[in-house]
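The residues making up each chain are set out below.
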Amino acid sequence: MSFFDPIEFGAKADGSTSDTRAIQSAVDAAFNNGGGIVLFRSGKTYVSGSLVLKSNVTLHLEQGSLLKCSTNWADITELWPGGPQRPTHWEQIHSGIFLTAKRGTQNVAITGLGTIDGSGEHYRGPDRGTTYEVIDNRPFLLFFVGVVGVTIKDATFRESAFWTIRLSGCEDVLITGARIRGNLRMPNCDGIDLDRCRRCRVSDCDIICADDGVSIKGCREFAEFGAGEDIVSPRPRRQQSLMEWIQVVSNCTIVTKSSALVVGVEANAPLRNITFSNCVIRNSNRGLSVNLGEDSVFENIIFSNIFIETRVWGHQFLPVVPNPAYRWGRGEPIYVSVTPWTKPEDSGVARNIRFNNITCRSECGVYLAADKLGQAENIFLDNISVQLGPWSGSTHPEEQGGFYDRRPTCGDREIYKPEEGIAGFHLENIQGARLTNCTVSWAQPEGSRSDWLTNGLWARGCEDLYLSGFGGMAARAGLKAIDTA
């Protein structure tokens, strides 16, 4: 194996001098060699602007090494790489990238127990107490587009100014053992975003971030890459069956002030064949989210063997232009929503979604809702346990329960207080829901429960609803445990 040391290419690695040119020279030399390892040494701090990774090159960070993004915006030379479509989120068009790999690149890796720092403390606006304002000109920490063969293993990614690890249109992806340490007050600080990617495996990661933990999506600006699927098979993709499964996300621990494990909401192409398993979600704003807001199809999605702890986090993010579409969720442990985001005529379908063996401690109930019957079909919940009620102890008025959150939506319900109150399980316009061995218990003692807690299960507008082995009483006397009137 060939090693390429940036110090031999002129890097100072002193924590203050810009080493961009030296590091890129080492990457280029490894690429010209036919492949190799660019080595970052223990005890050294390398400051750099944008770096472009190339085929068959590995960045290896020894334990105790630090690769830090430059705080000089002029050093961020790699800018927004999207197609002609305007990105879903307006702020991305002003963004840059710290680490990138471009269309056509193959076999890129980042390994080792060192740290990559996005210098997020520099790329943020005024402190608003519980969050920072969004500013223009901030870099994604890592953003690869159209790469085949991506390996990210063991490194720590911290203080990102924007999404931490974003992969768009990539195939054959392995992310394992990564530690993500985002600032919990940093807007748009996602953990891992897989956009129109295929054959992805994310495992054994520990993620702390302010926005979505792991998000599977299909953004319009990368339509050239087609649907997002994750079928693992040695056969050519055209022969692959839609029923070949892979655990896309497994054995991860997540803390977030937004949603922990997400499918959507950006998706104007199908997302299918996705599994999440053996994860622990703590102290998060929403647990599992399937959120369809565009004209697309979400299908064949499984969540299994997951512990969820959710609470209501208040103080929505404050971008430069006021916008309510930040930090979605009101403590829902499980959430499925089909509602148009920006255009009322958008009408997608979510179907064949399974939730198995999930234990929830939450400040809101399970929420399954579509605007119309036929938009959400065949939703299966098996062995779901929900303990519902205020547990965080917050007394802040923005952090109280009793509300649902359907954002982003162009409809008339965003954050709203339902007349029927908060049930353990809320179902609205679902076709073919199946609940087996699901239970609800109340965190507060009888006689002192919050007045917004109501039924064990509440359903309206549903067809072909099947219940078996449902356990749990209403929150207080005079209410039905199961209300399907």
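Values in this document were obtained by computation on a predicted structure and should not be read as measured data.

Across its full length, the protein carries one helix and 40 strands. The C-alpha atoms of the protein give a radius of gyration of 23 Å, which matches the 23 Å a tight globule of 485 residues would have. The principal-axis extents of the C-alpha atoms in the protein amount to approximately 75 × 55 × 40 Å. Out of the 485 residues belonging to the protein, those deemed buried represent 59%. Partitioning the contacts of the protein with sequence separation of at least 6, the portion at a separation of at least 24 is 76%.

Attention now moves to the packing of aromatic side chains. Applying the stated criterion across every chain yields a total of 14 aromatic pairs. Taken together, a centroid distance of 4.5 Å and an interplanar angle of 10° make the contact between Phe 140 and Phe 162 stacked. One end of the pair, Phe 140, is in strand E12 (residues 139–145); the other, Phe 162, is in the loop between strand E14 (156–158) and strand E15 (165–168), and 22 residues separate them in sequence. On the basis of relative accessible area, Phe 140 is assigned to the buried category, the value being 0%. For Phe 162, a relative accessible area of 1% gives the class buried. Ring geometry for Trp 328 and Trp 341: centres 6.1 Å apart, planes at 90°, overall edge-to-face. Note that Trp 328 is positioned in the loop between strand E28 (297–310) and strand E29 (334–338) and Trp 341 in the loop between E29 and strand E30 (349–362), a separation of 13 residues in sequence. A residue is classified by how much of its surface remains accessible, and Trp 328, at 12% relative accessible area, is buried. Among the aromatic residues, ring-to-ring pairing joins Phe 140, Phe 143, Phe 162, Trp 163 and Phe 222 into one connected group. Looking at Arg 138, its charged tip hangs above the ring of Phe 162, at a distance of 4.0 Å from the centre. The positively charged end of Arg 354 is found above the aromatic ring belonging to Phe 380, 4.1 Å away from the centroid.

For helix H1 (residues 20–32), which comprises 13 residues, the first-to-last C-alpha distance of 18 Å matches the rise-based estimate of 18 Å (1.5 Å per residue) to within 8%. The complete set of buried residues in H1 reads Thr 20, Ala 22, Ile 23, Gln 24, Ala 26, Val 27 and Ala 30. Just downstream of H1, Gly 34 is the residue with a positive phi angle, here 95°.

Inspection of the entire model under this criterion finds 26 salt bridges. Linking Lys 54 and Asp 28 is a salt bridge whose minimum nitrogen-to-oxygen distance equals 2.9 Å. A residue pair is termed long-range when its members are at least 10 positions apart, and Lys 54 in the loop between strand E5 (51–53) and strand E6 (57–61) and Asp 28 in helix H1 qualify at 26 residues. Connected via shared salt-bridge partners are Lys 68, Asp 117, Glu 121 and Arg 158.

Along any regular strand, the residues point their side chains to alternate faces of the sheet. Because side chains alternate across E15, one face comprises the buried residues Ile 165 and Leu 167, and the other comprises Arg 166 and Ser 168, equally buried. Here E12 runs beside E15; their pairing, made up of four bridges, is parallel. Counted as the bridge partner of Leu 142 is Ile 165 from E15. As judged from the four bridges shared by E15 and strand E18 (residues 192–195), these two strands associate in the parallel manner. Bridging from a neighbouring strand, Ser 168 pairs with Asp 195 of E18.

This brings us to the nonpolar core. Counting 114 residues, the largest nonpolar core has Ile 110, Phe 144, Phe 157, Leu 167, Leu 261, Phe 355 and Phe 425 as its most contacted members. By residue number, the principal contributor to this core is strand E32 (residues 376–388), which donates six residues. Among residues more than four places away in sequence, those in contact with Phe 144 are Leu 53, Leu 99, Thr 100, Ala 101, Val 108, Ile 110, Val 150, Arg 166, Leu 167, Ser 168 and Cys 170. By size, the runner-up hydrophobic cluster in this structure holds nine residues, among which are Trp 80, Phe 140, Val 145 and Phe 162.

Inspection of the secondary structure assignment puts Thr 100 in strand E9 (residues 96–101). The class of Thr 100 is buried, set by a relative accessible area of 4%.

You can see Tyr 335 is positioned in strand E29. Residue Tyr 335 is classed as buried on the basis of its relative accessible area, which comes to 0%. In sequence terms Tyr 335 and Gly 365 are 30 residues apart; their C-alpha atoms lie 8.9 Å from each other.

Before going further, it helps to spend a moment on the environment of Ser 250. If you trace the backbone, Ser 250 turns up in strand E23 (residues 249–250). Between the C-alpha atoms of Ser 250 and Asp 204, which are 46 residues apart in sequence, the distance is 6.6 Å. Filtering out sequence-adjacent residues up to four positions away, Ser 250 remains in contact with Val 202, Ser 203, Asp 204, Ser 277, Asn 278 and Cys 279.

Attention now moves to the pairing of strand E31 (residues 366–370). Judged by how many residues are buried, E31 sits mostly within the fold: five of five residues are covered. In E31, alternate side chains face the same way, and those of Val 366, Leu 368 and Ala 370 on one face and Tyr 367 and Ala 369 on the other are all buried. As paired strands, E29 and E31 are joined by four bridges and run parallel to one another. Of the residues in E31, the one forming a bridge with Val 336 is Leu 368. Pairing of E31 with strand E35 (residues 425–428) involves four bridges; the strand directions are parallel. Counted as the bridge partner of Tyr 367 is His 426 from E35.

To continue, consider the side chain of Thr 20. Residue position: Thr 20 is located in helix H1. Taking relative accessible area as the criterion, Thr 20 reaches 17% and is therefore assigned buried. With residues near it in sequence (within four places) discarded, Thr 20 still touches Val 47, Ser 48, Gly 49, Ser 50 and Leu 51.

About the thresholds
- Residues numbered from 1 in each chain as written.
- Predicted model: local features only at pLDDT ≥ 70, side-chain atom pairs only at ≥ 80, totals over all residues.
- Heavy atoms only, no water.
- Helix = DSSP H or I, 4+ residues; strand = E, 2+ residues; numbered from the N terminus.
- Rg over C-alpha atoms; globule rule 2.2 N^0.38 Å.
- Buried < 20%, exposed > 50% of the residue type's maximum accessible area, 1.4 Å probe, protein only.
- Contact = heavy atoms within 4.5 Å.
- Phe/Tyr/Trp six-rings, centres within 6.5 Å; stacked < 30°, edge-to-face > 60°.
- Lys NZ or Arg CZ within 6 Å of the ring centre and 35° of its normal.
- Expected span 1.5 Å × (residues − 1).
- Salt bridge = Lys/Arg side-chain N within 4 Å of Asp/Glu carboxyl O.
- Pairing = 2+ DSSP bridges.
- Core = buried A, V, L, I, M, F, W, Y, C linked by side-chain atoms within 4.5 Å.

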